[in-house]
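Chain by chain, the residues:
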Amino acid sequence: MKRIKRAFVLALCTVLALLCFYGCARGNLQENEETAESASTEQNNAPTSENSGQSQESGKLQTGIIANQILHGETGEIHYSYYLPDGYDKSRSYPLMMAIPGYDMMWFGDDSAGSNLTWRGFLSWTELSQDMIVVSAQFTDWHETSARQAIELTQYFIDNFAVDKNRVYACGYSAGGETMSQAVSMRPDLYAAYLHGSSQWDGEYEPVAENGVAVYIFMAENDEYYGSERARSAYDNLYAAYENTGLSESEISAVLQIQTPGNDWFAQRGFTGYYHAGGNILFDEDDILNWIISKSK
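Definitions and cut-offs
- Residues numbered from 1 in each chain as written.
- Predicted model: local features only at pLDDT ≥ 70, side-chain atom pairs only at ≥ 80, totals over all residues.
- Heavy atoms only, no water.
- 1 Å grid on protein atoms, 1.4 Å probe; cavity = no way out; pocket = protein on both sides within 12 Å on 5 of 7 lines; lining within 4 Å.
- Points joined across faces, edges and corners; volume = space filled by probe spheres on them.
- Helix = DSSP H or I, 4+ residues; strand = E, 2+ residues; numbered from the N terminus.
- Nonpolar A, V, L, I, M, F, W, Y, C, P; charged D, E, K, R; others polar.
- Salt bridge = Lys/Arg side-chain N within 4 Å of Asp/Glu carboxyl O.
- Buried < 20%, exposed > 50% of the residue type's maximum accessible area, 1.4 Å probe, protein only.
- Phe/Tyr/Trp six-rings, centres within 6.5 Å; stacked < 30°, edge-to-face > 60°.
- Polar contact = N/O pair within 3.5 Å; in protein donor to acceptor, adjacent residues only side chain to side chain.
- Contact = heavy atoms within 4.5 Å.

Time to look at the layout of surface pockets. The volume enclosed by the largest pocket comes to roughly 300 Å³. Elements represented by at least two residues in the lining of the largest pocket include exactly α4 (175-186) and α9 (275-278). Of the residues that constitute the lining of the largest pocket, the class distribution is 11 nonpolar, 4 polar and 2 charged.

Have a look at this one:
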């Protein structure tokens, strides 16, 4: 009788052990499946870029201008081109410039692809003695959608290229300035300085000042499209916002500049005519460009 009881107990223990093992194995399998599913979801939701500029054969990144890229982000397709300096080295860190053009170089379909590649607002930064990564996007509007796309594209380059996070810059011209004034004020933590060219300010002022973003405003005195009063209004509002942070006049001057040149200034540089478009001359002014890239977080 005792042997029967002992055999029964052993059999019962064996069954319980098998059930316990099965339960643990099932739990681990379910956990692994959930982990894999979570990783897959995160990977699917992450922005992806077509034609990243990486050579299929060597695995090395191309340098120079890499044209007509597409970032598939949360806000849809973002069309852009970018420049990597010769000798680009992933172990280094480079300043990043986000250069956003005006309406005539926005995205209107395949026929408009790369229309921003000859724009001085893109090329001028590539010609400086300072090695930089330069990105120029072609958005489809100049409102909140494009501002969010500018931020997303900036973050993509910060995350995927050798970017000095303390030296991220932006410039926007005309419609591009409307976009970037919003983007810079929405994420002032990203940008060290911003060049606002021949445009109106559509963003907020206080976040820019509170985060110490340096701003240079340029507008022809006789700009036919916006009028120079909009530039002065933006300057005055930014000045007040900086003043509210406790900065002195000299300290504000170090982070906020405005230039509204008259017709003679343009004539000296060989330009007369439509001064709104002529404002692009600002990108040939090395003192302005160097003022921007001298700033850091």
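The full count for this structure, using the stated rule, is 7 salt bridges. In this structure, E127 and R120 form a salt bridge, with 2.9 Å as the shortest nitrogen-oxygen distance. The exposure class assigned to R120 is partly exposed, which follows from its relative accessible area of 26%. The salt bridge partner of R148 is E144, with a shortest N-O separation of 2.9 Å. Of this pair, R148 and E144 both sit in helix α3 (residues 144-160), separated by 4 residues, roughly a single helical turn.

On to empty space enclosed by the protein. Tallied over the full model, the rule gives 1 cavity of 30 Å³ or more. Taken as a whole, the largest cavity holds about 30 Å³ of empty space. As for the largest cavity, its lining consists of I100, P101, M106, A137, F139, D141, W142, A175, G176 and T179. The element best represented in the lining of the largest cavity is α4, accounting for 3 residues. A class-by-class count of the residues in the lining of the largest cavity yields 7 nonpolar, 2 polar and 1 charged.

Our next topic: the packing of aromatic side chains. Centre-to-centre distance and the angle between the planes together describe a pair of aromatic rings. Under the criterion given, the structure shown has 20 aromatic pairs. Centroid distance W119 to F283: 5.4 Å. Interplanar angle 75 degrees. Geometry classified as edge-to-face. With W119 in the loop between β4 (94-100) and α2 (120-126) and F283 in the loop between α9 and α10 (286-293), the pair connects residues that are 164 residues apart, well separated along the chain. For the pair shown, W119 and F283 are each scored as buried. Chaining the aromatic ring pairs together yields one cluster made of Y80, Y82, Y156, F157 and F161.

Note that S181 resides in helix α4. In terms of polar contacts, S181 uses its side chain to reach the backbone carbonyl oxygen of E178, at 3.1 Å. Excluding residues within four positions of it along the chain, S181 makes contact with Y194, H196, Q200, W201, D202 and G203.

Time to look at the side chain of Q69. Summarising the element assignment, Q69 is placed in strand β2 (residues 64-73). Polar contacts involving the side chain of Q69 include one to the main-chain carbonyl oxygen of A67, which spans 2.8 Å.

Function-wise, these values are silent; they only describe arrangement.
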